Amino acid sequence: MSFDVQQLTDRYIAQWNEPDPATRAALVHELWTSDAVHVLTNPPQAIRDAAASLALPAPPLEARGHAALEARVGRAYEMFVEPGEHVFEPAGEAVLLMPQVVGVRWSMVSTRTGEVVGGGLDVLAVDGDGRVRSDHQFIE
């Protein structure tokens, strides 16, 4: 097993910023295994509040498989990048946490001011070809 951690990180960040839907879909298919899962481990406050009102723990949110991943990445693009207000950037170097597990810190940056307005950590488990099998995303 051999993969380039920096190349993986660059491709991972690029998919969230890609304006062309066909290119974005191609990036998803190249980057992720067909059965990969993206898990938003700490869902938005409104979801946590709704779960709490039912006396339930907040569930993680998952997108599984290429179609769901394309929708997830596309929606994030539409919400944050397409309006021209933000762009996603790496926040420091990616870290190989253990064989086939990469930590990617990222920032959401204002295109107007250059200020970091959000960010998080994604823990990517990859297969032998360096394709993402699972992504646990922690929004900060």
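Right, let's walk through the structure included here. Along each chain, numbering runs from 1 in the same order as the chain's sequence is written. pLDDT decides what is reported in this predicted model: residues at 70 or higher carry local features, side-chain atom pairs at 80 or more are listed and counted, and totals for whole chains, interfaces and linings draw on all residues regardless. Derived side-chain values reflect all non-hydrogen atoms in the structure, with water molecules and hydrogen atoms excluded from consideration.

Side note on unusual backbone geometry
Move 1: Phi is positive for Ala 55, which is not a glycine, with a value near 60°.
Move 2: Runs of H or I in DSSP of at least four residues are treated as helices and runs of E of at least two as strands, each being numbered from the N terminus. Among the secondary structure elements, Ala 55 is positioned in the loop between helix H3 (45–53) and strand E2 (61–64).
Move 3: Of note, Gln 100 is a non-glycine position whose phi angle comes to about 70°, a positive value.
Move 4: Mapped onto the elements of the fold, Gln 100 is located in the loop between strand E4 (95–98) and strand E5 (101–110).

Describing the pattern of salt bridges
Move 1: For salt bridges, the criterion is a side-chain nitrogen of Lys or Arg within 4 Å of an Asp or Glu carboxyl oxygen. Per the counting criterion, the structure on display carries three salt bridges.
Move 2: Glu 62 is paired through a salt bridge with Arg 64; the nearest N and O atoms lie 3.3 Å apart.
Move 3: The exposed category is assigned to Arg 64, whose relative accessible area is 53%.
Move 4: Notably, a salt bridge pairs Glu 78 with Arg 75, separated by 3.4 Å at the nearest N-O pair. A residue pair is termed a helical-turn pair when its members lie 3 or 4 positions apart in one helix, as Glu 78 and Arg 75 do in helix H4 (residues 66–81) at three residues.
Move 5: For Glu 78, a relative accessible area of 39% translates into the label partly exposed. Per-residue accessibility, obtained with a 1.4 Å probe over protein chains only, is compared with the maximum for each type, and a residue is labelled buried under 20%, exposed over 50%, and partly exposed between these values.

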